[in-house]
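Reading the structure
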Amino acid sequence: MVHPMSRRAPQLQPRLRFPDGGPDAFGPGKADLLRHIAAAGSIRTAARELGMSYDRAWKLVQAMNRLFRPPLVTMTRGGGSGGGAQLTTAGADVLRRYTRMEAACHAATRADWRVLQRRLRG
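What counts and what doesn't
- Residues numbered from 1 in each chain as written.
- Predicted model: local features only at pLDDT ≥ 70, side-chain atom pairs only at ≥ 80, totals over all residues.
- Heavy atoms only, no water.
- Helix = DSSP H or I, 4+ residues; strand = E, 2+ residues; numbered from the N terminus.
- Rg over C-alpha atoms; globule rule 2.2 N^0.38 Å.
- Core = buried A, V, L, I, M, F, W, Y, C linked by side-chain atoms within 4.5 Å.
- Buried < 20%, exposed > 50% of the residue type's maximum accessible area, 1.4 Å probe, protein only.
- Contact = heavy atoms within 4.5 Å.
- Phe/Tyr/Trp six-rings, centres within 6.5 Å; stacked < 30°, edge-to-face > 60°.
- Lys NZ or Arg CZ within 6 Å of the ring centre and 35° of its normal.
- Polar contact = N/O pair within 3.5 Å; in protein donor to acceptor, adjacent residues only side chain to side chain.
- Expected span 1.5 Å × (residues − 1).

**Focus: the overall build of the chain**
A tally of regular secondary structure across the chain gives four helices and two strands. Starting at the N terminus, the α and β elements of the chain follow one another as α-α-α-β-β-α. Radius of gyration (C-alpha) of the chain: 18 Å, far over the 14 Å computed for a compact globule of 122 residues. Dimensions of the chain along its principal axes, counting C-alpha atoms only, are 55 × 35 × 25 Å.

**Side note on the nonpolar core**
Ranked by internal contacts, the top residues of the largest apolar core, which has 21 residues, are Phe 26, Leu 33, Leu 34, Ile 37, Leu 72 and Val 73. Discounting chain neighbours no more than four positions away, the residues touching Ile 37 are Ser 42, Ile 43, Ala 46, Val 61, Val 73, Ala 85, Gln 86 and Leu 87.

**Observations concerning the packing of aromatic side chains**
Under the defined criterion, the tally for this structure stands at five aromatic pairs. With a centroid separation of 5.2 Å and 80 degrees between ring planes, the pair formed by Phe 26 and Tyr 98 is classed as edge-to-face. With Phe 26 in the segment before α1 (28-40) and Tyr 98 in helix α4 (residues 89-119), the pair connects residues that are 72 residues apart, well separated along the chain. A residue is classified by how much of its surface remains accessible, and Phe 26, at 0% relative accessible area, is buried. Judged by its relative accessible area of 1%, Tyr 98 is buried. One aromatic cluster is present, built from ring pairs that chain together Phe 18, Phe 26, Phe 68 and Tyr 98. Above the plane of the ring of Tyr 54 lies Arg 44, whose end atom (NZ or CZ) is 4.2 Å from the centre.

**Considering the side chain of Ser 42**
With respect to the element layout, Ser 42 can be found in the loop between α1 and α2 (43-50). In this structure the side chain of Ser 42 is engaged in a polar contact, spanning 3.2 Å, whose partner is the backbone nitrogen of Arg 44. In this structure Ser 42 touches Ile 37 and Ala 85, once residues within four positions along its chain are discounted.

**Topic: the environment of Arg 118**
Counting through the fold element by element, Arg 118 comes out in helix α4. When its relative accessible area of 64% is taken as the criterion, Arg 118 is described as exposed. Spatially, the C-alpha atoms of Arg 118 and Arg 100 are 27 Å apart, while their sequence positions differ by 18 residues.

**Quick notes on α1**
Under the 1.5 Å per step criterion, the end-to-end length of α1 is 18 Å for 13 residues, consistent within 8% with the ideal 18 Å. Along α1, the residues classified as buried are Pro 28, Lys 30, Ala 31, Leu 33, Leu 34 and Ile 37. In this fold, the buried residues of α1 make contact with α2, α3 (54-67), β1 (73-76), β2 (84-87) and α4.

So this is what it looks like as structure tokens:
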């Protein structure tokens, strides 16, 4: 039997995706990848932190760069420093706006979510 205090309260997880819900859409996973690239300065490190392969992360970066007119991530090749990646001005702007849209979605649904939580079996 699960102790009542150890049970995690249900969470609302709105998922914003655009321009549609297809595989190349920008959504929470790609936003997380951008956040990690910005913090780490590396696609490889970001991928490792997110538990995904470098190949998968690289393909997601390529998809994001194709989706938007200006690229979101720029890369530098190896050499002595080992290369790296960083968000472009457009990439930082997309991430900032997406994060703000997520927060607005949570705020807009907060009152209804509280009512629904009380109606869930528990």
